[in-house]
Amino acid sequence: MSPYFTRQKLAADYCDALTGDGLVDASSGLFLAAPRRTGKTTFLRRDLMPEAVLRQWLPVYVDLWESQQTPPTRLVATAVVNALRIEQSRVADELALKSGMSAAAVTLEDFGLENVGAPEGKTLAVALRTLSEVAGKPVMLVVDEAQEVLNSADDLMFSLKSARDTVGVDAHGARRLFIVCTGSHRDKLLHLVLTKKQPFYGSSVQPFPFLGRDYVDWYTGRINQHLAEDNRFEPDAVFDAFKLVGHRPEILKKIISEIALDEGAAHSLGERLARGAIARQDEIWDEYSRAYDNLSRPQQAVLSLLVEGGPQFEPFSEVTITACSRIVGSTLAATHIQKALDALRKKDLVWRSARGEYALDDSSFGDWFKRKSGMKTDASGTTGDMATPGS
Ligand SMILES: Nc1ncnc2c1ncn2[C@@H]1O[C@H](COP(=O)(O)OP(=O)(O)OP(=O)(O)O)[C@@H](O)[C@H]1O
Ligand SMILES: [Mg+2]
């Protein structure tokens, strides 16, 4: 496995939040968002899930990007049933007593999960409860890229809420199901918790913290081990570059390896590091700038209102139509807004959920746009200093 900077304390804090013992109470569900390539999945797999194991919980991981064709509920159900099979073989003797099933491998059909798409909240709940009972421990269900549920009519979130409410606590008040959802798009994830229609209404989406100075110190120390004493990277300069590339380890590594390969660069490592990071940032921003310049005036206006409004953006409200008309300088109607949104979707700049909510397809485009137009940027700290390379 590749060398890894561990964040065990953060994992422990999140587990405390899930049990309701932490400063933050995430007992109804933990929702974490951070931009692309900043280390979410790595953290889930290498810190959060091992911490769960230490606490005698059973972590079950599902990535909703795994298959675009498979409905999210089926992906989750498959992961739960696979975990159940493993637990079942481990406790084959106890199984007959606890669930009344034979030790033969369970299938999706055993829980009525073969026809996912139909309202099967109860059956997924039963599968989760059985898993918790068979394993004899609470289950921590980790759904990576959870915003994907919004792309389909699939009701995974309703199933999970039902599972949380029915499986959540045992007769002694101990929790049996913890739900963790992560996503690389905060505004999309927010749609899961913001509206009353959504099952996790009332939960909040927390910014998943970037790797920071401690990571950079660790990483710089490792790199410097391979370099002569008079030719080493300064952690301050590496940290500046890391911030410029949006706290993305891969891009930092790439820039550093390019410099390290260039033997004549010994005297100017810091300067070359900064140049590499800025060049990378310019590349991405030029791409955004070109995409924006190619839009029609109404498309630009709709996009700016979407960036400004975030998840509160209401495309066909009077306020939006009036603001759009003002920006364009002529009277527009809802049909013009619809046309602009359709065009923006075709250009992959705007995304529409199955329920008709709109968001930027690549949240970093919003970061770039806010900077360009002097809008207030996100104060949460998840907004990278650099635009995200694609979404
Ligand atoms: N704690 C860490 N220590 C060292 N490298 C890390 C760490 N976290 C992430 N990385 C590296 O950063 C890169 C991105 O990590 P990861 O895939 O976890 O990000 P992500 O946010 O899940 O990305 P995506 O948005 O594509 O799902 C990987 O190459 C990974 O090895
Ligand atoms: Mg990931």
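Residues numbered from 1 in each chain as written. Chains lettered and ligands numbered in written order. Predicted model: local features only at pLDDT ≥ 70, side-chain atom pairs only at ≥ 80, totals over all residues. Heavy atoms only, no water.

1. Here's the deal with the overall build of the protein
- Broken down by element type, the protein carries 15 helices and 7 strands.
- Out of the 391 residues belonging to the protein, those deemed buried represent 50%.
- Taking all contacts inside the protein whose residues are at least 6 apart in sequence as the whole, residues at least 24 apart take part in 69%.
- Of the roughly 18,600 Å² of accessible surface on the protein, 50% is carried by carbon and sulfur atoms. (Helix = DSSP H or I, 4+ residues; strand = E, 2+ residues; numbered from the N terminus. Buried < 20%, exposed > 50% of the residue type's maximum accessible area, 1.4 Å probe, protein only. Contact = heavy atoms within 4.5 Å. Areas by Shrake-Rupley, 256 points an atom, 1.4 Å probe, with all protein chains shown as cover.)

2. Things to note about unusual backbone geometry
- Of note, the phi angle at Glu145 is positive, near 60 degrees, even though the residue is not glycine.
- Taking the relative accessible area as the measure of exposure, Glu145 reaches 4% and is therefore buried.
- With a phi angle near 60 degrees, His247 is a residue other than glycine that sits in the positive phi range.
- One can find His247 in the loop between helix H9 (235–244) and helix H10 (249–261).

3. Points about the packing of aromatic side chains
- Counting across every chain of the model gives 15 aromatic pairs.
- Between Tyr215 and Tyr219 the ring centres are 5.9 Å apart and the planes differ by 5 degrees, which places this aromatic pair in the stacked class. On the criterion of helical spacing, the pair formed by Tyr215 and Tyr219 is a turn pair, its members being 4 residues apart in helix H8 (residues 213–224).
- Judged by its relative accessible area of 4%, Tyr215 falls in the buried class.
- What makes Tyr219 buried here is its relative accessible area of 8%.
- Through a chain of ring-to-ring contacts, three or more aromatic side chains come together here, namely Phe5, Tyr215, Trp218, Tyr219 and Phe242.
- Taking the ring centre of Tyr61 as reference, the NZ or CZ of Arg45 above it sits at 4.0 Å. (Phe/Tyr/Trp six-rings, centres within 6.5 Å; stacked < 30°, edge-to-face > 60°. Lys NZ or Arg CZ within 6 Å of the ring centre and 35° of its normal.)

4. Focus: the site of ligand 1
- Close to ligand 1 lie 15 residues, the nearest being Arg36, Arg37, Lys40, Thr41 and Thr42.
- Here Phe5 contributes a backbone N or O atom positioned 2.8 Å from a nitrogen atom of ligand 1.
- Here Lys40 contributes a side-chain N or O atom positioned 2.6 Å from an oxygen atom of ligand 1.
- Taken atom by atom, the bulk of ligand 1 overlaps the largest pocket.
- Looking at the shell around ligand 1, the elements with two or more residues in it are helix H2 (40–54) and H10.
- Taken together, the residues of the shell around ligand 1 sort by class into 6 nonpolar, 4 polar and 5 charged.
- A domain split of the shell around ligand 1 shows at least three residues from each of domain 1 (8–207) and domain 2 (213–290). (Near = heavy atom within 4 Å. Polar contact = N/O pair within 3.5 Å; in protein donor to acceptor, adjacent residues only side chain to side chain. 1 Å grid on protein atoms, 1.4 Å probe; cavity = no way out; pocket = protein on both sides within 12 Å on 5 of 7 lines; lining within 4 Å. Sits in = over half its atoms within 2 Å of the grid points. Nonpolar A, V, L, I, M, F, W, Y, C, P; charged D, E, K, R; others polar. Domains from an automatic or database assignment.)

5. Concerning empty space enclosed by the protein
- Counted according to the given criterion, the structure contains 2 cavities of 30 Å³ or more.
- Of the voids in this model, the largest cavity is the one considered here, and its volume is about 70 Å³.
- Every residue along the wall of the largest cavity is listed here: Val149, Leu150, Ser152, Asp154, Asp155, Leu156, Met157, Phe158, Leu192, Gln198, Ala354 and Arg355.
- Here the lining of the largest cavity takes 3 residues from helix H6 (residues 156–167), the largest share from any one element. (Points joined across faces, edges and corners; volume = space filled by probe spheres on them.)

6. Section: the layout of surface pockets
- Size it by volume and the largest pocket reaches roughly 620 Å³.
- Secondary-structure elements contributing two or more residues to the lining of the largest pocket are H2, H8 and H10.
- In terms of residue count, the dominant contributor to the lining of the largest pocket is H2 (6 residues).
- Considering only residue class, the lining of the largest pocket consists of 10 nonpolar, 5 polar and 12 charged.
- Structurally, the lining of the largest pocket is a two-domain feature, drawing no fewer than three residues from each of domain 1 (8–207) and domain 2 (213–290).

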